[in-house]
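Residue-level structure breakdown
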Amino acid sequence: MNSQLRREYLDALGLKSWTLRTARGSADAPSLVIASRAQSAAPAAPAAPAAPAARSAPSPVRDVSATREAGADWEELRARVAACTRCSLSATRTQTVFGVGNPHADWLIVGEAPGAEEDRRGEPFVGRAGQLLNSMLHAIGLAREQVYIANVLKCRPPGNRDPNLTEAAECLPYLERQIALLKPKIMLAVGRIAAQNLLGTEKTLGALRQQVHRFGLSQVPLVVTYHPAYLLRTPTEKRKAWEDLKFARDVISRV
Ligand code: URA
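This part covers the overall build of the protein chain. Within the protein chain, the regular secondary structure consists of ten helices and six strands. Across the 255 residues of the protein chain, 52% fall into the buried class. Taking all contacts inside the protein chain whose residues are at least 6 apart in sequence as the whole, residues at least 24 apart take part in 74%. When the accessible surface of the protein chain is totalled, it reaches about 11400 Å², and 50% of it is carbon and sulfur.

Moving on, we get to the pairing of strand β4 (residues 186-190). Regular strands place side chains that alternate from one sheet face to the opposite one. In terms of residue burial, β4 counts as a mostly covered element, since five of its five residues are buried. Residues I186, L188 and V190 point to one face of β4 and M187 and A189 to the other, with burial holding for every one of them. Looking at chain direction, strand β2 (residues 107-111) and β4 are connected through four bridges and run parallel. Bridging across to β4, V110 finds its partner in A189.

Take the packing of aromatic side chains next. With the rule as written, the count across this model stands at three aromatic pairs. Between W74 and F98, the aromatic rings sit 6.2 Å apart at their centres with planes inclined by 80 degrees, giving edge-to-face as the arrangement. One end of the pair, W74, is in helix α2 (residues 74-82); the other, F98, is in the loop between α3 (89-92) and β1 (100-101), with 24 residues separating them in the sequence. A relative accessible area of 23% places W74 in the partly exposed class. Centre to centre, the rings of W74 and Y148 are 5.3 Å apart; their planes meet at 35 degrees, and the pair counts as tilted. With W74 in helix α2 and Y148 in strand β3 (residues 148-151), the pair connects residues that are 74 residues apart, well separated along the chain. Using a relative accessible area of 3% as the deciding quantity, one classes Y148 as buried. Ring pairing ties together the aromatic residues W74, F98 and Y148, which thus form one cluster. When the ring centre of Y174 is taken as origin, the NZ or CZ atom of R68, which lies over that ring, is 4.8 Å away.

Turning to helix α6 (residues 165-182), a few remarks are in order. With 18 residues, α6 extends 25 Å between its outermost C-alpha atoms, agreeing within 8% with the 26 Å of an ideal straight helix rising 1.5 Å per residue. Turning to α6, its buried residues are E167, A168, C171, L172, P173, Y174, L175, E176, R177, Q178, I179 and L182. Backbone nitrogen of T166 and a side-chain oxygen of the N-cap are separated by 3.1 Å at the start of α6; the cap is N164. K183 sits one or two residues past α6 and shows a positive phi near 50 degrees.

Looking now at the site of the ligand. Taken together, the neighbourhood of the ligand is formed by G111, E112, A113, E118, P124, F125, N151 and H227. The side chain of N151 places a nitrogen or oxygen atom 2.8 Å from a nitrogen atom of the ligand. In isolation the ligand has 230 Å² of accessible area, and contact with the protein removes 91% of it. Partitioned by chemical class, the residues of the shell around the ligand number three nonpolar, three polar and two charged.

A separate point is the pattern of salt bridges. For the structure shown, the criterion picks out 14 salt bridges. Note that R80 is salt-bridged to E69, the shortest N-O span being 2.7 Å. Remark: E69 occurs in the loop between α1 (3-12) and α2 and R80 occurs in helix α2; sequence separation between them is eleven residues. Taking relative accessible area as the criterion, E69 reaches 3% and is therefore assigned buried.

This next bit is on the sheet that holds β2. Working definition: the strands of a sheet are paired by backbone hydrogen bonds and lie parallel or antiparallel to each other. Within the open sheet, the six strands sit side by side as β1-β3-β2-β4-β6-β5. Their pairing is mixed. With one partner strand each, in any of the chains shown, β1 and β5 (213-215) form the two edges of the open sheet. Of the pairings in the sheet, the one linking β2 to β3 comprises four bridges and is parallel in character. Each residue of the ladder has a partner; that of I109, found in β3, is I149.

Thresholds, definitions, all that
Residues numbered from 1 in each chain as written. Predicted model: local features only at pLDDT ≥ 70, side-chain atom pairs only at ≥ 80, totals over all residues. Heavy atoms only, no water. Helix = DSSP H or I, 4+ residues; strand = E, 2+ residues; numbered from the N terminus. Buried < 20%, exposed > 50% of the residue type's maximum accessible area, 1.4 Å probe, protein only. Contact = heavy atoms within 4.5 Å. Areas by Shrake-Rupley, 256 points an atom, 1.4 Å probe, with all protein chains shown as cover. Pairing = 2+ DSSP bridges. Phe/Tyr/Trp six-rings, centres within 6.5 Å; stacked < 30°, edge-to-face > 60°. Lys NZ or Arg CZ within 6 Å of the ring centre and 35° of its normal. Expected span 1.5 Å × (residues − 1). Polar contact = N/O pair within 3.5 Å; in protein donor to acceptor, adjacent residues only side chain to side chain. Near = heavy atom within 4 Å. Nonpolar A, V, L, I, M, F, W, Y, C, P; charged D, E, K, R; others polar. Salt bridge = Lys/Arg side-chain N within 4 Å of Asp/Glu carboxyl O.

What follows is the structure, encoded as structure tokens:
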């Protein structure tokens, strides 16, 4: 992507006058902190002397290959999701929102749940937040078609309320199977709900960003940033989101 185009996307993010800072002072050395649903109960250790102490709680082991949806290919999984009645959201949805993108993508973007527009169109991140997400991706040289985008929940919670524990627990195996099929090189969790559910933690988003977490037995690097809907409401945080995107790009450049 040429620099003029990149500048236009940064403008869309409201960052045109901003000078890029690198994560923890050096773009060459993203810190590595291990914390994931697949970690053992032992506290995570920093990978390098410069890395900060782990700030994420260890979480329950989940064997991705042994989850409820193991064995399903993309087509079968999509059909199972479309027919799902495992929680009460199936009664209020217009349709399920499976996920979209390149099934060979290096990047997996994970959001919270479909909103009204997504529920209507059957595709994640197609409303205003989706437009900002596209700009965020473009700012690091990624087209929407290059990545895969999915949510923790495949159905819209009424009134866009937060997912409850049952809904998340019933729906996560679908995402876990998507991850197993996709084998992404990096996961970007956008927003607190996605981050907390993927990492099995109740820590705040602020405590989770700017670290490399690991997801699943495959230990996929996972980076956390703000949800685009939050950034639309709180544009002053866009700079931090941009730091996170740069951080994630540095992480994947090392995979
Ligand atoms: N917010 C999300 O988290 N996901 C979507 O698909 C749309 C809005």
